[in-house]
Each structure stands twice: as C-alpha cells, then as structure tokens.
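# Analysis of the macromolecular model
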Amino acid sequence: MATTAPARRKAHNPRNPRKSVALTVMLSIFALYSVIPLFWLVVNASKTQAGLFSSFGLWFDGDFALFQNIAETFTYRDGIFVRWFANTLLYVVVGAGGATLLATLAGYGLAKYRFPGRRAVFAVVLGAIAIPGTALAVPTFLLFSQLGLTNTPWAIIIPSLISPFGLYLIWVYTIDAVPTEILEAARMDGASELRTFFTISIKLLSPGIVTVLLFTVVATWNNYFLPLIMLSDPTWYPLTVGLNQWNAQATGVAAQPIYNLVLAGSLITVIPIVLAFLVLQRYWQSGLSAGSVKQ
Amino acid sequence: MTTPSIAEAQLPPSSARKDRRDWRGWIFVGPFLVVFAFAFLAPVAYALYLSVFRTRLVGGTSFVGLDNYIGVLSDGQFWEGFLHVALFLVVQVPIMLILALIAALAIDSARLYASGFFRIVLFLPYAVPAVVAVLMWGFMYGDNFGLVSNLNDLIGAKVITPFARDWILASIGNIVTWQFVGYNMLIFYSALRTIPGELYEAAELDGAGSFRVIRSIKLPALRGAIVIATIFSIIGSFQLFNEPNILKPLAPNVITTFFTPNMYAYNLSFAGQQYNYSAAVAIVMGVITAVIAYVVQLRGSRKEEL
C-alpha cells in the first residue's frame, strides 16, 4: 500500500538492542493466559456429552467427537443453528456494512468540507461516543416496540448502523490520507463531489475503511444485549443469543443439557471472526496507527 | 480526543468564494445524521419523556415530574448495583490498563523475540464474542467439568470458589480483563509507533537508559491514548451487563436481578414492566457515566498543557 499510515518511523531504535529472554518469557505467560481458554474450547468441543464430565479439562478425551458434534450442532432441532448463522450474517453484512458506509461518508464530509452546522454535528457526534449502545438499549427497545419494529431484523440492524467511533477514525484518517489538491484537480475536470469520492478518495481511505469495517463487524457479530431484548422469536436470533439459550436449557425443569453442542457451536461462532482479523491484520493495524496519530 | 478546533486549523484555506455558503458537505453527512437521529437521539428523547410519567394499574398513566428520579436516587437496590460497578471500575480497570501498558511497552521495545506473534495472540480474545467468552469461562469456573474442579481435586479441597459471594466480582473482572487487555494494548502500541525516531536518537546521545526513555518519551506520548482507553473502560464498567447476566444461572443466589444498574434497568423493563422507572434508571446511569468520562477527559487534557 502506497498510502498507508502517514510518516511512521522505520527503524525502532538506531541500534538494534539485544533481545531479552526474560522479557520474552514474561510475555509468553501473558500469551498463555490469552490462549488457554481458546485451547480449552477446542479440546472440549471435541468431547461427547459424557466425555466432558469424565476427562481432564485441558486434554483430549479418548474418542474424538469434534466432527460429530459439529454435524449435530447443524442438525439439532431442524437445523435452527443454520438459521441463526444466516441471521448473524444478515445483521453483519447489512448492519456493519451500512455502518461503515455511513461513517466513512460522514467522516470524510466533516474532514473535507466546511458547511453550515458543521460544528453542531461535531459536538453531537463526539458527545455520542461517550454514550455506549447498552445505555441506549432499553430506551431503544421501548421506542421500537411502540413503532412495531421489535421482533423484526430491523430492530437489530438500525441501531447497528451508527458508529460514532468509526466516524471519528475516518475523519482523522481523511485529514492525512486525502490531499485537498487532488480533490481540487478532480473538480477542475468537472467531476461531481460524489464521483470524486467514489473514484479517488475511497481508494486512499481503504486502510481506514477496512479498520472501521472490522470493528463494526466484531460489534455486530458479538452483539448480545440488543438482540436479547429486541427479539422473542427464536427464528430471528443471532448466534450469540441462540447459544446462550441452548446453554440455559441445561438447568430448570425438564433440563436437557447439550453442553457438547454449546461448545461446538461456540467454536463455530469464534472461527470466522478470528480468521477475519488474522487475514486482514495488515490493513487494520495500519489504519489504527493512523487513527492514534491525532489523539 | 481531538477537538473540532484542531480540525478547523487543518481545513484547506478557503478560496475566494469564502462568503458563499457551501452546503456540499451535507451530501456526505446527511445520511449518517438521519439514521443517527432515529437510532440515537429519538430513543434518548423518548426515555426522557417516559421518565416523567408513571403507570399504575388503577388510574392509568399520569405525569409525575421528577418523582421517578427521586425514587431512583433513594433506591437501595440501585445504589447496591452502583457500588458493584464502582468497585469493579476502581479495581479491574487499573489492573487491565497497567497490564496492557506493560505488554505494549514490551512489544514496542524491540527486545522481544517474535513480537508480531505476541501482538496478535494477545489481541485474539477481543474477537471472541462476549457470550462465548463468558460461557467458556463459566464452564472453566464450574464444578462439573471445569478447570477449577480439576484444580480443587488436585489440592484435595474446595479452595477455589469463583461463584462465591466474595469472589464473583473478581471472576467477572478476570473475564473482562481477558477480553479487553489486548484491545487496550493495541491502542497503546499504535500510539507508541507514532513517536518519531529522532527522539530516540537524541535520548541515546544523552545516554538515557530504557526506563528513562519510557518515563521521559514513551509515557508522555501515550497520554492521549491512556485517556481514551480509560474513558472507554469507565463506560464499559458502568454498563456491565453481559458477563453477570450470562453467569447468573451459575450463581443465582449471588448475582441478583439488580447486580449492576444495567441489569436492574433490564429486569425492571422485562420482568417488572416498570418502563417509566426503568427509563429513569437508564438516564441516571447515562448522566453519571457522561459526567465521569468528561471529568477524565478534562483532567487528561489539562495535564497535557502543563
């Protein structure tokens, strides 16, 4: 990428210092703390319901039932898990995709145009960063139920479309990544503002956009509170709410524990999002460092 | 956080058409603001409206002014929940941020083998959905097939009890730390990467050691990032909901329906149908959060000017 982060230092220290074994060991303990629960998940997702109770937690049981568990997860109760997976994808594609588009357009507009009301927009949006989605969730539910929007996908998608932090990141990124001279040149050639944006600016902004996209994807993929209160019909559940419902059926009257499916389902829920981060790390890491330049 | 005035300075010098009003920016900002008004401002306004009414079985809905707010402020259950999140904030947030800071400094120090590997591994838990993270840790804490029961078997007594009244906040704190330490580490690390190399060269000429460089160059450069991470952590603590709510079935007697203010608002709405009172709880918590976040930001930027 020719247009990644602005002016970062190349070499870390003039002279490359000696590597420290002690420091590496310290960070290794840290890394173990991060990884052990995930390892535990992989191990235990491969056990049968009976094997979970009879074997040591951090190692595999005799019979390796991972694929059996995964198959059962997808077919349990007429494949409701597949439905939840599709719902999650819908919320992520429309919600996170829309949030990224709106935040990119608005952040760019704030950075490159001086228009009446601009200061007011700034004040309101920066103030909104301090109010998290969860504080708004109950009021949003009350409003949406008045409007008849609860129990529909819109109840999840509409609140997901707003990312004040995404707007902030794009605004900061635009200031450095999109030179005003290029825009002036495009205007001389008679290109409209939107055309200039979609043909020129959007390319220059791509690391920033990928960063915002990843963080909004994580937010919608992991969303729990909002769908929990908005939806009572399981056919619209995302994976997170569905999994917790499966887990809850292990207790109470007529308990039907399916821990093996909860664990396999959890593993299936984690994998796509972890892969997305690993594959796109080049982009979001440069996008993030650009964002922090201005802090 | 950057203020609008800084952006003002970075705008292109306005051309000859300075005085003509330029509305083109609204093409870009308009769509965001329309959705923002509907999904953000309208719920806030509606909650404010709801909070000044009260619905009774007999007599219907009536305007009660600030009665609901007075009720919240003298409500023992609300303050008990508030105490939990305040305690959580004072203990968990510093631990998490200091760990994140140490990790960021270590990864940035160039003295680490495989620093890229550590950067990504520490960050990975952030991508794990909160529900999955809590289910996982809940299982591991548990007596049935958890690691804790393995450990207790090893010791030969029930020494570790994550769901006991005295330990439940620590157990929740551990889950939150696990999820967010890498995210905060990345915020700090990104800020460290923007320090110009000349500063290090100058420090080396002056004969400054590693710790001197950390104290005089790196920590001052991190101030903005630390303020932002602190604000986000304060907001996260005050809005604590997912972790206690998902752990509740495992510790039903310890985690009450009013364990945190957010759980209280949720249960008032969905178990008690007390929408008006619930709206007042949400607003009081929102105001407290905003005020504290604002104070932290002010203090953070004031230090910058010194």
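Residues numbered from 1 in each chain as written. Chains lettered and ligands numbered in written order. Predicted model: local features only at pLDDT ≥ 70, side-chain atom pairs only at ≥ 80, totals over all residues.

## Some thoughts on the packing of helix α4 (residues 76–108) of chain B against helix α8 (residues 168–192) of chain B
Residues and elements named next belong to chain B. Contact pair α4 / α8: the axes reach a minimum separation of 7 Å and the direction vectors enclose 40 degrees. Here α8 runs oblique to α4, going by the angle between their axes. Crossing angle aside, the handedness with which α4 passes α8 is right-handed. Here the contact of α4 with α8 is composed, by residue class, of 20 nonpolar, five polar and one charged. (Axes fitted to C-alpha atoms, helices over the stretch in contact; angles between N-to-C directions. Helix = DSSP H or I, 4+ residues; strand = E, 2+ residues; numbered from the N terminus. Parallel < 35°, antiparallel > 145°, perpendicular 65-115°, else oblique. Left-handed = near helix turned anticlockwise from the far one by under 90°. Nonpolar A, V, L, I, M, F, W, Y, C, P; charged D, E, K, R; others polar.)

## Observations regarding the packing of helix α10 (residues 206–221) of chain A against helix α13 (residues 259–279) of chain A
When two helices pack together, their arrangement is given by the angle between the helix axes and by the axis-to-axis distance. Residue and element names in this part refer to chain A. Where α10 contacts α13, the axes come no closer than 11 Å and their chain directions differ by 170 degrees. The angle between α10 and α13 places the two elements in the roughly antiparallel class. Contact with α10, carried on its side by L214, V217, V218 and W221, involves I273, A276 and F277 of α13 and no other residues of that element. Taken together, the residues that form the contact of α10 with α13 break down as seven nonpolar, no polar and no charged. (Contact = placed C-beta atoms within 7 Å.)

## As for the interface of chain A and chain B
Across the boundary between the two partners, chain A contributes 93 residues, which contact 95 residues of chain B. No other element matches the eleven residues that helix α1 (residues 21–45) of chain A contributes to the side of chain A that touches chain B. Grouping the constituent residues of the side of chain A that touches chain B by class yields 62 nonpolar, 22 polar and nine charged.

## Brief notes about the domain arrangement of chain B
All names here are of chain B. By domain assignment, chain B separates into domain 1 (25–65) and domain 2 (72–305). Between the C-alpha centres of domain 1 and domain 2 there is a distance of 30 Å. Facing seven residues of domain 1, the contacting portion of domain 2 comprises six residues. Residue assignment for the side of domain 1 that touches domain 2 shows that the elements contributing at least two residues are α2 (25–50) and β1 (53–56). Among the residues forming the side of domain 1 that touches domain 2, the class breakdown is four nonpolar, two polar and one charged. (Domains from an automatic or database assignment.)

## Observations regarding unusual backbone geometry
All names here are of chain A. Its identity as a non-glycine residue notwithstanding, R77 has a phi of 50 degrees, on the positive side. One can find R77 in helix α3 (residues 66–112). Located in the positive-phi region is N151, a residue other than glycine, with phi close to 65 degrees.

## Some points on α8 of chain B
Residues and elements named next belong to chain B. Over its 25 residues, α8 runs 35 Å from end to end, which matches the ideal 36 Å to within 8%, given 1.5 Å per residue. Bending of α8 peaks at approximately 40 degrees at the position of F180. Where burial is concerned, most of α8 is hidden: 20 out of the 25 residues are buried. (Expected span 1.5 Å × (residues − 1). Bend = angle between axes of the 7 residues up to and from the residue. Buried ≥ 20, exposed ≤ 12 C-beta atoms within 10 Å, placed from the backbone.)

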